[in-house]
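Each chain, letter by letter, is given below.
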Amino acid sequence: MGDFLTDLQQQFYQSFIEGDRWIRYFKGLGISFEVTLGALALGIVLGILVAVVRTAHDQQRDRKNGLLGVFNALCQIYTTVIRGTPMMVQLLIMGFVIFAASRNLVAVAILTLGINSGAYVSEIIRGGIMSIDPGQMEAGRSLGLGYTPVMRCVVIPQAIKNILPALGNELITLFKDTSLVTVIGLADLTKVAIQVQAKTYQALMPFIGIAVLYLIVVMILTWLLGILERRLRQSDRH
């Protein structure tokens, strides 16, 4: 038992203390956060655009808009392709085919994860928009507002409030999915652990360590999202 504990202490020292390696873990964690927030912002923008186009197409009545039909078909192809292929394959294509000459790996990772997230966020937002009473749109149009202003000022804000838990889950999923960006060589948290393991020939501490870090961050995000949801519920009561 004593030898086992001594060995664990040695592994811990080699994996985190020696050469100030703990700093590298936190730098990797910072890159993971940067990719997560950038991808979420891009995903929300893409998701709103796709959701609005598809909702507008579905809500057409007698007169069909041909241009809107084209955009709707493109949005359907986008969501089908992105949701139907693995994110790792998308990262490989973006990192080694489309942007093979780029050295800005953070931007490549944000773009890839953002495009992937947008396909899922669009369905989340579309479901939120469809959950809003159609009378809201009709009331806005009766006041002389166009479709876009009503969506921007009336429908989408209410839909965002309804889908906040789902968007929170998307944030957590994105953060965990940043571990996949190691395949394009980005020095995120997981990549740092792999590099440390390659130097120390010790796999236990680096990988258990990053698992604990991921878990702590996810628990903090879950707690913060819970606080936000409770405050939104309180505002609804008032």
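Computed from a predicted structure; not experimentally measured.

Draft legend 1. Broad picture of the overall build of the chain. In terms of helices and strands, the chain carries 9 helices and 0 strands. Along its sequence from the N terminus, the chain presents helices and strands in the succession α-α-α-α-α-α-α-α-α. Here the chain has a C-alpha radius of gyration of 22 Å; the compact-globule value for 238 residues is 18 Å, and the former is much larger. Counting over 238 residues, the chain shows a buried share of 38%. A separation of at least 24 residues holds for 75% of the contacts in the chain among residues at least 6 apart in sequence.

Draft legend 2. Layout of the packing of helix 2 (residues 21–58) against helix 8 (residues 189–200). Between helix 2 and helix 8, whose axes approach to 7 Å, the crossing angle comes to 155 degrees. As the angle between them shows, helix 2 and helix 8 are arranged roughly antiparallel. Residues Arg-21, Arg-24, Tyr-25, Gly-28, Leu-29 and Ser-32 of helix 2 pack against Leu-189, Val-192, Ala-193, Gln-195, Val-196, Lys-199 and Thr-200 of helix 8. Partitioned by chemical class, the residues of the contact of helix 2 with helix 8 number 6 nonpolar, 4 polar and 3 charged.

Draft legend 3. Quick look at the packing of aromatic side chains. Overall, the coordinates contain 5 aromatic pairs when judged by the stated rule. Aromatic rings pair up to connect Phe-12, Phe-16 and Tyr-25 into one cluster.

Draft legend 4. Spatial organisation of the side chain of Thr-190. Residue position: Thr-190 is located in helix 8. Apart from residues no more than four positions distant in its own chain, Thr-190 is found in contact with Ser-179, Thr-182, Ile-210 and Tyr-214.

Draft legend 5. Spotlight on helix 4 (residues 87–98). When we look at burial in helix 4, the residues that qualify are Met-87, Gln-90, Leu-91, Met-94 and Gly-95. What you see down the axis of helix 4 is that its buried residues fit within an arc of 115 degrees, all on one side.

Draft legend 6. Examining the pattern of salt bridges more closely. Tallying each qualifying case throughout the model produces 2 salt bridges. Here Glu-123 ties to Arg-54 by a salt bridge, and the two come within 3.0 Å at their closest N and O atoms. Of the two residues, Glu-123 is situated in helix 5 (residues 105–130) and Arg-54 in helix 2; the sequence distance between them amounts to 69 residues. Using a relative accessible area of 11% as the deciding quantity, one classes Arg-54 as buried. Residue Arg-126 pairs with Glu-123 through a salt bridge whose shortest N-O separation is 3.2 Å. Linking Arg-126 with Glu-123, this pair stays in helix 5, spanning 3 residues, or about one helical turn. According to the relative accessible area criterion, Arg-126 is buried, its value standing at 19%. The structure contains a network of salt bridges with shared partners spanning Arg-54, Glu-123 and Arg-126.

Draft legend 7. A look at the packing of helix 3 (residues 66–84) against helix 5. The contact between helix 3 and helix 5 brings their axes to 9 Å, and the two run at 115 degrees. Like other packed secondary-structure pairs, helix 3 and helix 5 cross with a definite hand, here left-handed. Facing Tyr-78, Thr-79, Ile-82 and Arg-83 of helix 3, the residues of helix 5 in contact are Ile-115, Asn-116, Gly-118, Ala-119, Tyr-120, Ser-122 and Glu-123. For the contact of helix 3 with helix 5, the per-class residue count stands at 5 nonpolar, 4 polar and 2 charged.

Draft legend 8. Just unusual backbone geometry, in detail. The backbone of Asp-20 shows a phi angle near 50 degrees, a positive value even though the residue is not glycine. Here Asp-20 lies in the loop between helix 1 (2–17) and helix 2. Its identity is not glycine, yet Tyr-201 carries a phi of approximately 60 degrees, on the positive side. Summarising the element assignment, Tyr-201 is placed in the loop between helix 8 and helix 9 (204–237).

Thresholds, definitions, all that
- Numbering of residues starts from 1 in each chain and follows the order in which that chain's sequence is written.
- Totals for whole chains, interfaces and linings use every residue, but because this is a predicted model, local features are given only for residues with pLDDT of at least 70 and side-chain atom pairs only at 80 or more, for both listing and counting.
- Based on all heavy atoms of the structure, the side-chain values leave hydrogens and waters out of the count.
- Secondary structure is summarised from DSSP: a helix means a run of H or I of at least four residues, a strand means a run of E of at least two, and numbering begins at the N terminus for each.
- For the radius of gyration, the atom set is restricted to C-alpha positions; the globular benchmark scales as 2.2 Å times the number of residues to the power 0.38.
- The rule is simple: take the accessible area with a 1.4 Å probe, protein chains only, and divide by the maximum for that residue type; under 20% is buried, over 50% is exposed, in between is partly exposed.
- Only heavy atoms matter for contacts: two residues are in contact if any of them lie within 4.5 Å across the pair.
- Axis lines are fitted to C-alpha atoms, over the contacting stretch for helices. Their N-to-C directions set the angle, which ranges from 0 to 180 degrees.
- When describing relative orientation, an angle under 35 degrees is termed roughly parallel and one over 145 degrees roughly antiparallel, while 65 to 115 degrees is termed roughly perpendicular and anything else oblique.
- Residue polarity follows a fixed list, in which Ala, Val, Leu, Ile, Met, Phe, Trp, Tyr, Cys and Pro are nonpolar, Asp, Glu, Lys and Arg are charged, and the others, Gly among them, are polar.
- Here a Phe, Tyr or Trp ring, Trp counted by its six-membered ring, pairs with any other such ring whose centre lies within 6.5 Å, and the pair is stacked when the planes are under 30 degrees apart, edge-to-face when over 60, and tilted otherwise.
- To obtain the arc, one takes the directions from the helix axis to the C-beta atoms.
- By definition, a salt bridge exists where a carboxyl oxygen of Asp or Glu is found within 4 Å of a side-chain nitrogen of Lys or Arg.
- By definition, any crossing whose near helix is turned counterclockwise from its far helix by less than a right angle is left-handed, and any crossing with a clockwise turn is right-handed.

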